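Topology and contacts: notes
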There are 4 protein chains.
Amino acid sequence: MTNDDTDKRAGKGANALWGGRFAGGADDVMRAINASIDVDRRLADHDIDASLAHAQMLAACGVISSEDAKAIAKGLEDIRAEIAAGAFPFSAALEDIHMNIEARLTEKIGEAGARLHTARSRNDQVATDFRLWTRTALDRLGLQIEALQRALITQAEAHADTVMPGFTHLQTAQPVTFGHHCMAYVEMLSRDAGRLSDARARLNESPLGAAALAGAPYPINRDMTAETLGFAAPMANSLDAVSARDFVMEALAGLTICAVHLSRLAEEIVLWTSPRFGFARLSDRFSTGSSIMPQKRNPDAAELIRAKVGGMAGAFQSMVLMMKALPLAYAKDMQEDKAPLFRAVDDFELCLAAMTGMIGDLDVRPEAMAAAAGEGYSTATDLADWLVRELGLPFREAHHVTGRLVAEAERRDIALHELPVEAMKAVEPRIDERALGVLSPADSVASRTSYGGAAPVRVREQIARWKEKLG
Amino acid sequence: MTNDDTDKRAGKGANALWGGRFAGGADDVMRAINASIDVDRRLADHDIDASLAHAQMLAACGVISSEDAKAIAKGLEDIRAEIAAGAFPFSAALEDIHMNIEARLTEKIGEAGARLHTARSRNDQVATDFRLWTRTALDRLGLQIEALQRALITQAEAHADTVMPGFTHLQTAQPVTFGHHCMAYVEMLSRDAGRLSDARARLNESPLGAAALAGAPYPINRDMTAETLGFAAPMANSLDAVSARDFVMEALAGLTICAVHLSRLAEEIVLWTSPRFGFARLSDRFSTGSSIMPQKRNPDAAELIRAKVGGMAGAFQSMVLMMKALPLAYAKDMQEDKAPLFRAVDDFELCLAAMTGMIGDLDVRPEAMAAAAGEGYSTATDLADWLVRELGLPFREAHHVTGRLVAEAERRDIALHELPVEAMKAVEPRIDERALGVLSPADSVASRTSYGGAAPVRVREQIARWKEKLG
Amino acid sequence: MTNDDTDKRAGKGANALWGGRFAGGADDVMRAINASIDVDRRLADHDIDASLAHAQMLAACGVISSEDAKAIAKGLEDIRAEIAAGAFPFSAALEDIHMNIEARLTEKIGEAGARLHTARSRNDQVATDFRLWTRTALDRLGLQIEALQRALITQAEAHADTVMPGFTHLQTAQPVTFGHHCMAYVEMLSRDAGRLSDARARLNESPLGAAALAGAPYPINRDMTAETLGFAAPMANSLDAVSARDFVMEALAGLTICAVHLSRLAEEIVLWTSPRFGFARLSDRFSTGSSIMPQKRNPDAAELIRAKVGGMAGAFQSMVLMMKALPLAYAKDMQEDKAPLFRAVDDFELCLAAMTGMIGDLDVRPEAMAAAAGEGYSTATDLADWLVRELGLPFREAHHVTGRLVAEAERRDIALHELPVEAMKAVEPRIDERALGVLSPADSVASRTSYGGAAPVRVREQIARWKEKLG
Amino acid sequence: MTNDDTDKRAGKGANALWGGRFAGGADDVMRAINASIDVDRRLADHDIDASLAHAQMLAACGVISSEDAKAIAKGLEDIRAEIAAGAFPFSAALEDIHMNIEARLTEKIGEAGARLHTARSRNDQVATDFRLWTRTALDRLGLQIEALQRALITQAEAHADTVMPGFTHLQTAQPVTFGHHCMAYVEMLSRDAGRLSDARARLNESPLGAAALAGAPYPINRDMTAETLGFAAPMANSLDAVSARDFVMEALAGLTICAVHLSRLAEEIVLWTSPRFGFARLSDRFSTGSSIMPQKRNPDAAELIRAKVGGMAGAFQSMVLMMKALPLAYAKDMQEDKAPLFRAVDDFELCLAAMTGMIGDLDVRPEAMAAAAGEGYSTATDLADWLVRELGLPFREAHHVTGRLVAEAERRDIALHELPVEAMKAVEPRIDERALGVLSPADSVASRTSYGGAAPVRVREQIARWKEKLG
């Protein structure tokens, strides 16, 4: 898309369209910076859909004849087929996908083709196409997020009881289960999907009929084209319709935030599969190896997912910079809106697919997780909570007592549950054998029964809820 | 907020709490990088609200006595009053607002204070407080956006017929009205408000009771605290509850996108009030002057609004960088989450207020706008559309004919409507006097009657719709 | 580039290289996310150069035979010719350009090819290639910046006396000349070129021989390969050599800052060529038009340049995000480093070329500039300075007096120099006719003779200095 | 700093300065968005220095009397003392530090004070002050980077032989030493310091005397003030002098890149001190603990350093957004330039100090590192290199053979050096006992003697070079 005028062409050979006014023609530099066809050809299908809806409406409103509308429809479907077959003669001199298709249409059907652009402009046309493309992309991404959620839920179900360390500061803090951990990501992804879905709803209004910027002086029916194209309504202000790109920024922000979540999971996969953790093993399908160290499995896909958040956040920043301080209505700056979103969506789909595959294949090592979960006096808080619950100690005092018990165990270089009850009583006389019952990681996890807690019973409830929700 | 442990203190003098384990104490650098009280004291009110809800619930569930709950409630309200009065003894050694308040509470009410932290942790506590703060901020910003919309609508109503040039590429394109232009921003702001409102709905779940990360081993009722605090529900996964910061990113993305819209309007105000445009004049209240050039009115506020989008987009990028690749659950990195949002919200409120004031006071110069709207053959497309509508020319041919007419007018250095009909007929014989009826900017605007178009009748419809909507 | 292992291949058909260890093979998703050949094939020439230098050095050090080195050299030059001719069989299964070339070499020359990778790894190889590519790009960009400086100097020379308004806040402030304005950009670009040149110097050290990360257990001579490839020295730490990507960030920061300068000039071109300013006219070659409004010249190239700063700043942000918190040494994340720089450099070259063309062709309208320069009491400060210089008034008092004179002129709706001397004397009795001599824009400009000032004599000095400097 | 006019004041009570022109006064919103004194008061010392230099020069050039210059100098030093003593009456109504100081000066010394602002403007004044502030900051940061380098060198010297695993993809790759690892950061920091030093050199030109934008109509000597203030030269174009802010972007880019390096080291500290690695232990001074898990040491400072790269990169993006597309010369947008740099520098100093402290105190655990270095057949490449060196196998074949040997060892679940020579001979008959001599991590490291390699002898050379360099 190039600018607000509906019928011009760049390039030395395109003087016919510019009416002979630009004697010099645009030179190579200008053509190179100006043409967008290499990028916007991805809009082709949506451009054809929008033109079909537009022509049908023009005929219904009596602006063009129904014969012309039929010829246009036939011609556009032929072009769609040509493009699908790789037989369409794309021309950089025609700058963008809109002019390429329209010029080809007129080539094919003559004068009727020259009537298609009545009551519209490239400004509303590109806005319509791009909203349709984005809507389709968001729908597809929503399904992919669901697929990743399902993969996580499957792992969660298999590992609802698999004890692993819960970390804070990458230090062992309290035991949780791998299933619980997976379900945390199911929650995050659910909000991510919600953001994309909200963005989808907000962008789903039709710019078509806003024309160059002021609306059209024809008795057109914008509701009709909106409905045909699946939009909830026509946009209510023609200037806004052609100059708004907040939907691109919102989509990119949504992708970026989800990509941050994926980067967190990717980082954990890198950690878990490192020999220093040994919590999990990647499948052959989702790791790369070495001919010389055949046991080695590099988490390349996880690392690439982790890296690609950069591209998405960068794309958001690009859009913000591009739109900052642009006066209404259309400015050529806005031609730079598509490449960042196209790239971000492509990358994002790849990330979701790779993550879904990795999680699906992930070979979890419960023993290694369990061993790590028991280190570092990870159940100290359970002991403190026991002191509160059973002996009625105030929380802060219970913590103080527990700290002294841990210190004693550390001095003896033993685990907390190995500390003789007598040694415990020396610190707090009311402690008895029952306290030992909260000191294993499995007992600790089982006790976390508050809503949303790590207890397997709670995790299974969440799994059931999600399975029903996702159908 | 510092980390996942619920009961520790930094600083050389705080060894009592660390149990004498850190012989060296934290030195000045550590204290400086670690303390957050200068930032997070803004959470004080929400921290107290959350503690009140928590204590009330603990008592209702039998975890603490109702006497203790009452003492806690009394103590917390006293502390709230102290803070409001500026009499609260903030201590950097106590690191954050949570420890400051809890330590003060215990100072005031003794052992009951030491029971407050039962079944919670600073991890769920800070998440709860910060969500409450953000929710409140988003609500306030929503109202401010509405105020700006009202100011724009008032101007739109006064100028529904005030013709001005619609620009593309900052070149005159087609006439619109100033009212139509204002309403474009009302639409943008409406989507902006929708984004903040969606963000608000999505963050409005309660982390409280997730404790450090695994949930609590007490029979607590998370629904009850959620309801008390106005949350829609408790968060369903304890790990997610303490480690999620997507709500901060989403809020910042929403602010940034709205700030981009404000920057576009700010840019236009700078342009309109420049002597080269002369479309409008800022009031004394929203411009600064010069003792030496007393007629000069600098649009400082508009420029500052335009600049401040940088701070907001920067804050979003800061949060993305901070959260990228952080393993679950809590990491100290997350302490850096509040300052960017606090600053962005403060700046954003200022921008909205200043923009509302500027728009409210803006002194529009209809004559200058009208003169500019008539320049540059801005109604050429109207003539082309007339040729299509009245003579049935195909759109592309109509444009070609019009181009030749404009060229003829340009050659004669006259306006299009000054071109003799004979000269028009020389180009296209079927043209007659009626064509002149579409060539004034006012006629052009009046003809743009498609839904959402620039025609005053359409603009007034939108004004009416919005006045009803905003109540 | 994929990872640290020097000899593996992905893809179902590549089990031979993975030694049959990965029974499943990498599936399509993995291949899609993993392969980089579509991006890194641009490194081909540099990869061949580095391999030539490496083989020559290995032979000189006795690690391989000189026959093998000769065979390798011959094979590599054949491959270079194949690539240049478009005849090279690129394979995605071989993942990256390094493996593509090496596999092809062995295909061509047999065992000698299998000796090339001795004492190196893909880790140091890709770092070397990418530094060479970046160095070449920075050199090229430096020349392009110079070309733009020359175009600006040419305009400055032609317009050293062309008075135009100097703006602050887009309000008329003080007269300057168009030549002076152009020279401001020459200065900015000079610092931009300095940044790229500093970046070039800093990156110009050779990673080759760092091998996977620890250096090589062969008697190699890293100084020799460094010298052959034009590096100032070998990098002094093998871990740093393979894991450093600060050179990419620095190059992108340098591009971004220069792009900000270009965006400022682009914005000014959009303003100057707007009908509301009318200060300049773009050539046919660097504007686009409309068949219907043939007089219209849209500054598309300027707008695209203004927009493209977004892509560059976004690329910088992407790199920062990608590198943030990556442990040493190589991580697959770093494969994402090339696409952002490649794109940014491509765009930047286009921007520089288009800006150079636009400036070279720019048709300046001195009368419009002069008229605008005289508006708005733009010489009020000159009068104040006269009061200081000639009457000895303190600066602040002189400003106060001038403010009253301007107010009087504004009341009478006349220019400052039209104010009768008597009216001036009424405000400050010591004013006489000489004061009128400073009130024209041309006089004002001529008086700004401090070093670097707007006076034509000063501007010509700077032009002369720059012409000598650029040769 | 507010705008280009040198002598105005905002605020309802400041009508005297605005000459009664702004009847309405600026309301609270305007004052809030407009005032910068809370931020720019940090420029006070530099503002005084610049005024001293300016007054001295004015007297030397005969523009003011030497009595006035003396009175000004005396008054300014009094003000400096007042500020240092906390006794200066800062006024928000006077907007910025420049007006605060000048107004106070006139209060103190009368008419001479009103002469100080001759031949300058707030535009060149703020640019001068801000460059001086930035220069000072960069010098200070350079020293802090050196301090961190020294701390790393000290650790490197102590651990030049301490074998640790070199990672790629966080998988064990090849053994290195902790000393070698530390020296990698010394190299990175050296380039970081170089960037700051280049930025310092580039910004070190004096804007003073550029006045509002056009230079001054007085016989001033800009070389003299430049020299007094330690600038290398006066800036050569007055428009550029007041509108350039690339120095802020360059400084922020430099900080950001160094912060990325710090984030990598911070990430490694988090990993090394995690119980899953156990490679190192933080001192009491640079970790925080828990009353309940007293053995726990949270790497809070490392995490905060890791997070703070976000603030710096965000500040860079803020500046890019702020400056994008700003027409020359001064725009109020530029008032937003100081807060991001001030905050980034403050944070950066804290990060450098905390990192220096952490590294200095770091308690390395050589046994844990050594154990990890031997895992995962980390010396497989050493065996392959032996096959190349001693048996003359082509590199790719040697890797293939080694892969089979590793597979055999893995099948037997033993280390490579535990594989009987007979088993080795079964794969490659020419292998003999000498091969075992390269299979220990220590032998592997010792063999990496190429320049910059991990061999202790090489590492010690680098340590010696750096100790001499840093003096």
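Now for a description of the structure that goes with this document. Just so it is clear, the model here is predicted, and its values are computed rather than measured. (Residues numbered from 1 in each chain as written. Chains lettered and ligands numbered in written order. Predicted model: local features only at pLDDT ≥ 70, side-chain atom pairs only at ≥ 80, totals over all residues. Heavy atoms only, no water.)

Examining the relation of the copies chain B and chain A
With an axial shift of 0.0 Å and an RMSD of 0.1 Å, the rotation relating chain B to chain A amounts to 180°. Such values leave the two copies arranged in the relation of a two-fold axis. Judged by C-alpha distance, Ala-253 of chain B is the residue of chain B that lies nearest the rotation axis, at 3.1 Å. Interface overlap between copies is the fraction of interface residues in one copy that are interface residues in the other; for chain B against chain A it reaches 99%, indicating a shared surface. (Least-squares fit on C-alpha atoms with pLDDT ≥ 70 in both. Contact = heavy atoms within 4.5 Å.)

Describing the interface of chain D and chain A
Contact residues are listed per partner, giving 46 residues for chain D and 46 residues for chain A. Between chain D and chain A lies a buried interface of about 3800 Å² when both sides are counted; carbon and sulfur atoms form 56% of it. Counting the surface chain D buries against chain A, the share from its top three residues, His-169, Arg-276 and Ile-292 of chain D, is 21%. Where chain D packs against chain A, one counts two salt bridges. For Glu-375 of chain D, the salt bridge identified is with Arg-276 of chain A, shortest N-O distance 3.0 Å. Counting every contact that joins chain D to chain A gives 18 residue pairs in polar contact (both at pLDDT 80 or more). Within the side of chain D that touches chain A, the residues separate by chemical class into 21 nonpolar, 16 polar and nine charged. (Buried area = accessible area lost by both parts, 1.4 Å probe. Salt bridge = Lys/Arg side-chain N within 4 Å of Asp/Glu carboxyl O. Polar contact = N/O pair within 3.5 Å; in protein donor to acceptor, adjacent residues only side chain to side chain. Nonpolar A, V, L, I, M, F, W, Y, C, P; charged D, E, K, R; others polar.)

A look at the interface of chain B and chain A
Counting from both sides, the interface comprises 105 residues of chain B and, opposite them, 104 residues of chain A. Interface area for chain B against chain A, summed over the two sides, is near 8900 Å², with a carbon-plus-sulfur share of 56%. Three residues, Arg-264, Leu-328 and Arg-396 of chain B, lead the burial of chain B against chain A; their summed loss comes to 9% of the area buried on that side. Here chain B is connected to chain A by 12 salt bridges.

A closer look at unusual backbone geometry
Comment: phi is negative for the bulk of residues other than glycine, and the bulk of peptide bonds are trans. Backbone torsion omega between Leu-328 of chain A and Ala-329 of chain A reads -5°, so that peptide bond is classified as cis. Locating Ala-329 of chain A in the fold gives a position in the loop between helix H13 (300-323) and helix H14 (338-361). In this structure, Ala-211 of chain A takes a positive phi of about 55° despite not being glycine. Looking at the element boundaries, Ala-211 of chain A is found in the loop between strand E3 (205-206) and helix H10 (222-228). On the basis of relative accessibility, which here comes to 7%, the residue Ala-211 of chain A falls in the buried class. Despite not being glycine, Leu-170 of chain C has its phi angle at roughly 60°, a positive value. (Helix = DSSP H or I, 4+ residues; strand = E, 2+ residues; numbered from the N terminus. Buried < 20%, exposed > 50% of the residue type's maximum accessible area, 1.4 Å probe, protein only.)

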